[in-house]
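Below are the chains, spelled out letter by letter.
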Amino acid sequence: IDEQLSLSASGRCDNNDGYGHFSPQLRADYALPDTGTHFQISWGKAYKLPSFYALGNPIVGDPSLKPEDAETVEGGVTQDLWTRGRWKMEGYDTHYSDLIDFQPGAVPKLVNLSSVHVRGMETSLALDFGAITATPHVSYTNARNELTGAPLRDVPEWLTGASLTWRPIEAAQINLDVTYVGAMIDNSVPTGDVTLGSHVRTDLAVSWRVLPQLKLNASVENLLNARYEDVVGFRAPGPLLRAGISASL
């Protein structure tokens, strides 16, 4: 329409064994060049067929599972911060029909949840200070089964953290990542529903380009030996060191 406003639309048609689906998408972007501000909003529908695992697993699979349907609205704003970086904030609201999820119990199995509502927001900064770049971020997710009001398992409400990149010389780079993962609900047959506590994990990675075609890499995952469980009953390992060499011709 003009240099500041951009509109786009698309659609996709699928037909799988007689199951037809049309997935439309609409998007609008509006920019204010004088202030470095950029607004965007989008709407779309999508669907996903059940996986072979979900259909055919002999223990939890169900060949009668329906495809998942979703409708999403997203909106956000991006703001340039002088010459130092950029701030971004986004929000989203998604409604799922027939979302495939694990149902625990005496006979555990995968089932279709008739209606699931997921909404949330995320914001991030990208700050550039010459040889150092910092990117803090935070996100909130609220995912619930609308039929029961229960939260979805294995979905933490809060994720936050920061990445710090330092380039002491052109050929070398050091990355430090610190991530906070909020509490979430998990399930196992022996325990039933269990709340896994929040945790903070720190990872360190170093790379050095020795030659134009040769680069050395090293990293330490869980540098500070955080004690946590991503899955009930399986404690995360301690610090894990990795090293490698990459070469190109």
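An account of the accompanying structure is given in this report. Note that the structure is predicted; figures quoted are calculated from it, not measured. (Residues numbered from 1 in each chain as written. Predicted model: local features only at pLDDT ≥ 70, side-chain atom pairs only at ≥ 80, totals over all residues. Heavy atoms only, no water.)

1. A few points about the overall build of the chain
Line of reasoning, step 1. The secondary structure content of the chain amounts to one helix and 18 strands.
Line of reasoning, step 2. For 249 residues, the compact-globule formula gives about 18 Å, and the C-alpha radius of gyration of the chain, at 23 Å, lies well above that figure.
Line of reasoning, step 3. In terms of overall dimensions, the chain has C-alpha extents of about 60 × 55 × 40 Å along its principal axes.
Line of reasoning, step 4. In the chain, which comprises 249 residues, the proportion classed as buried is 28%.
Line of reasoning, step 5. Once local pairs closer than 6 in sequence are excluded, the contacts in the chain between residues at least 24 apart make up 46%.
Line of reasoning, step 6. In the structure as shown, the chain presents an accessible area of about 15900 Å², 60% of it carried by carbon and sulfur atoms.
Line of reasoning, step 7. Charged side chains in the chain number 19 positive and 29 negative. The centres of these two groups are separated by 6 Å. (Helix = DSSP H or I, 4+ residues; strand = E, 2+ residues; numbered from the N terminus. Rg over C-alpha atoms; globule rule 2.2 N^0.38 Å. Buried < 20%, exposed > 50% of the residue type's maximum accessible area, 1.4 Å probe, protein only. Contact = heavy atoms within 4.5 Å. Areas by Shrake-Rupley, 256 points an atom, 1.4 Å probe, with all protein chains shown as cover. Lys, Arg positive; Asp, Glu negative; His and termini not counted. Charge placed at Lys NZ, Arg CZ, Asp CG, Glu CD.)

2. Comments concerning the pattern of salt bridges
Line of reasoning, step 1. According to the stated counting rule, one finds eight salt bridges in the structure shown.
Line of reasoning, step 2. Between glutamate 90 and lysine 88 there is a salt bridge whose closest N-O contact spans 3.8 Å.
Line of reasoning, step 3. Owing to a relative accessible area of 35%, lysine 88 belongs among the partly exposed residues under this scheme. (Salt bridge = Lys/Arg side-chain N within 4 Å of Asp/Glu carboxyl O.)

3. Digging into the sheet that holds strand β14 (residues 199-211)
Line of reasoning, step 1. With antiparallel pairing, the 12 strands of this open sheet are ordered in space as β1-β2-β3-β4-β5-β8-β9-β10-β11-β14-β15-β18. Looking at the sheet topology across the chains shown, the edges are occupied by β1 (5-16) and β18 (240-247). Geometrically, the sheet is characterised by an average inter-axis angle of 10° between neighbouring strands, direction not taken into account.
Line of reasoning, step 2. Examined bridge by bridge, strand β10 (residues 158-166) and strand β11 (residues 172-181) share eight bridges and lie antiparallel to one another. Residue pairing across strands places threonine 165 opposite asparagine 175, the latter belonging to β11. (Pairing = 2+ DSSP bridges. Axes fitted to C-alpha atoms, helices over the stretch in contact; angles between N-to-C directions.)

4. Some words on a nonpolar patch on the surface
Line of reasoning, step 1. Taken together, the side chains of Phe129, Ile132, Trp158, Leu164, Trp166, Leu176, Val178, Tyr180, Val200, Leu223 and Leu224 present a nonpolar region at the surface, about 960 Å² in accessible area.
Line of reasoning, step 2. Listed by contribution, the elements that provide at least two residues to the nonpolar patch are β10 and β11.
Line of reasoning, step 3. By the element assignment, isoleucine 132 lies in strand β9 (residues 132-145).
Line of reasoning, step 4. A residue is classified by how much of its surface remains accessible, and isoleucine 132, at 34% relative accessible area, is partly exposed. (Patch = residues over 30% accessible without salt bridge, like charges linked within 9 Å, V, L, I, M, F, W, Y side chains within 5 Å.)

5. Some thoughts on the layout of surface pockets
Line of reasoning, step 1. The calculated volume of the largest pocket comes to roughly 260 Å³.
Line of reasoning, step 2. Taken together, 18 residues make up the lining of the largest pocket; nearest its centre are Gln25, Leu26, Trp43, Gly44 and Lys45.
Line of reasoning, step 3. Each residue belonging to the lining of the largest pocket can be placed in one class, and the counts come to six nonpolar, eight polar and four charged.
Line of reasoning, step 4. Computed from the structure, the second largest pocket encloses a volume of approximately 210 Å³. (1 Å grid on protein atoms, 1.4 Å probe; cavity = no way out; pocket = protein on both sides within 12 Å on 5 of 7 lines; lining within 4 Å. Points joined across faces, edges and corners; volume = space filled by probe spheres on them. Nonpolar A, V, L, I, M, F, W, Y, C, P; charged D, E, K, R; others polar.)

6. Quick word on the pairing of strand β5 (residues 85-97)
Across a regular strand the side chains alternate sides, sitting on one face of the sheet and then on the other.
Line of reasoning, step 1. With 13 bridges joining them, strand β4 (residues 68-81) and β5 adopt antiparallel strand pairing. Within β5, the residue paired with threonine 78 across the bridge is lysine 88.
Line of reasoning, step 2. The pairing of β5 with strand β8 (residues 116-129) spans 12 bridges and is antiparallel. The residue bridging tryptophan 87 from the neighbouring strand is leucine 125, located in β8.

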